[in-house]
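# Structural characterization, general
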Amino acid sequence: MRKFGPMVWKAHTSAVFCLGLGVLACTKAAPETAVMAPPLGADPGRAGMDLPKCPTVAGGPDEQAKAKAKDACAWKVDDPPGDEEQVAIDTTTGTWMNLDVSPDGQTLVFDLLGDLYTLPIAGGEAVSLTSGMAWDMQPRFSPDGKWLAFTSDRGGGDNIWVLAFADGRASGEAKPITNEDFRLLSAPAWSPDGEYIVGRKHFTSRRSIGAGEMWLYHSSGGNGLKLTDRRNWEQNATEPVVSPDGRYVYFTEDVSPGGGFQYNRDAHGQVYVIQRLDRRTG
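### Quick notes on unusual backbone geometry
Positive phi is not limited to glycine here, since Gln138 has a value of about 55°. Structurally, Gln138 is set in strand E12 (residues 136-141). The residue Glu239 is not glycine, and still its phi comes out positive at about 60°. By the element assignment, Glu239 lies in strand E21 (residues 237-242).

Written out as structure tokens, the structure is:
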């Protein structure tokens with residue numbers, strides 16, 4: 001979600017997307033709802049925030065009752081507490097967007113303000129694939145074009161999800177491939193056979209900057225397999241891409257000197273490089 005003053009907002013927008021000098025599309029959709037967040041230091045109860053009530057479970061070790069109590073207290077990304085208000089947003093540009101092209105070259109998929117959209121490669125009207133309060137980003141087509149992998153916080157933190165795709169639209173409900181609650185996942189990349197997804201797992205220590213490792217997951221889910229080791233706790237590695245033959249995994253990594261993240265770097269020296277992992281030899 002994006003914050004605008006004291007308001008946490010998110011909305012579908014009118015948008016024009018350009019490739020080179022050619023205008024591809026202009027799409028209009030109804031605005032989504034937004035959640036009002038209290039000002040910093042304010043009492044949530046006086047700012048329209050009805051926080052989840054946590055019932056007290058009395059008696060013996062009733063696991064079912066405990067589970068219900070825990071669920072009642074759980075924060076739900078798509079159904080947060082608070083008053084809702086519609087906010088209309090009209091824009092002709094987007095920044096920090098991620099885009100992919102379908103294997104048949106006919107469809108674009110992209111993220112905008114935390115939702116996923118498709119657009120005919122020749123231009124036309126964009127179609128919303130996902131909506132709601134969850135932040136969806138980094139969509140990637142499977143090699144057969146039947147699935148989309150993407151990053152989403154709809155489960156509480158950033159993980160990799162997949163969504164069936166057919167005839168230019170979502171087909172069915174999205175399902176998670178990873179289930180991390182601290183070492184969060186992002187930047188999904190498909191293997192050429194469509195059986196596996198490589199993602200970047202985020203590691204942090206005392207600083208939030210963090211570092212990344214490449215992990216391999218089966219498209220049906222699981223615990224995953226670590227492919228690379230992080231350099232340290234602060235120098236990042238990310239943006240995995242699998243070669244067409246499936247043998248290599250390419251990714252970017254911060255190799256600047258100093259052994260940690262630095263704001264003041266030598267722009268004329270070496271900062272990021274493209275690394276290559278050979279999956280046969282390791």
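Moving on from the model shown.
### Points about the sheet that holds strand E18 (residues 196-203)
Read from one edge of the open sheet, four strands run E17-E18-E19-E20, paired in antiparallel fashion. The open sheet terminates on both sides in strands that have one partner only, identified here as strand E17 (185-190) and strand E20 (225-226).

### Some words on the sheet that holds strand E23 (residues 272-278)
A sheet is described by the order of its strands in space; here three strands give the open sequence E21-E22-E23, paired in antiparallel fashion. Two strands in the sheet have a free side with no partner beyond their single neighbour: E21 and E23. Across the sheet, the axes of successive neighbouring strands diverge by a mean angle of 25°, strand direction being ignored. Two elements, E21 and strand E22 (residues 248-254), share four bridges in a ladder whose sense is antiparallel. Following the sheet pairing, Val241 is matched in E22 by Tyr250.

### Regarding the layout of surface pockets
Gaps left between atoms are located by rolling a probe of water-molecule size over the structure's atoms. Taken as a whole, the largest pocket spans an internal volume of roughly 970 Å³. Residue lining of the largest pocket: 43 residues in total, with Met97, Asn98, Asp111, Gln138 and Arg140 positioned closest to the centre. Only strand E8 (99-101), strand E9 (107-112), E12, E17, E18 and E21 provide two or more residues apiece to the lining of the largest pocket.

Quick notes on the rules
Residues numbered from 1 in each chain as written. Predicted model: local features only at pLDDT ≥ 70, side-chain atom pairs only at ≥ 80, totals over all residues. Heavy atoms only, no water. Helix = DSSP H or I, 4+ residues; strand = E, 2+ residues; numbered from the N terminus. Pairing = 2+ DSSP bridges. Axes fitted to C-alpha atoms, helices over the stretch in contact; angles between N-to-C directions. 1 Å grid on protein atoms, 1.4 Å probe; cavity = no way out; pocket = protein on both sides within 12 Å on 5 of 7 lines; lining within 4 Å. Points joined across faces, edges and corners; volume = space filled by probe spheres on them.

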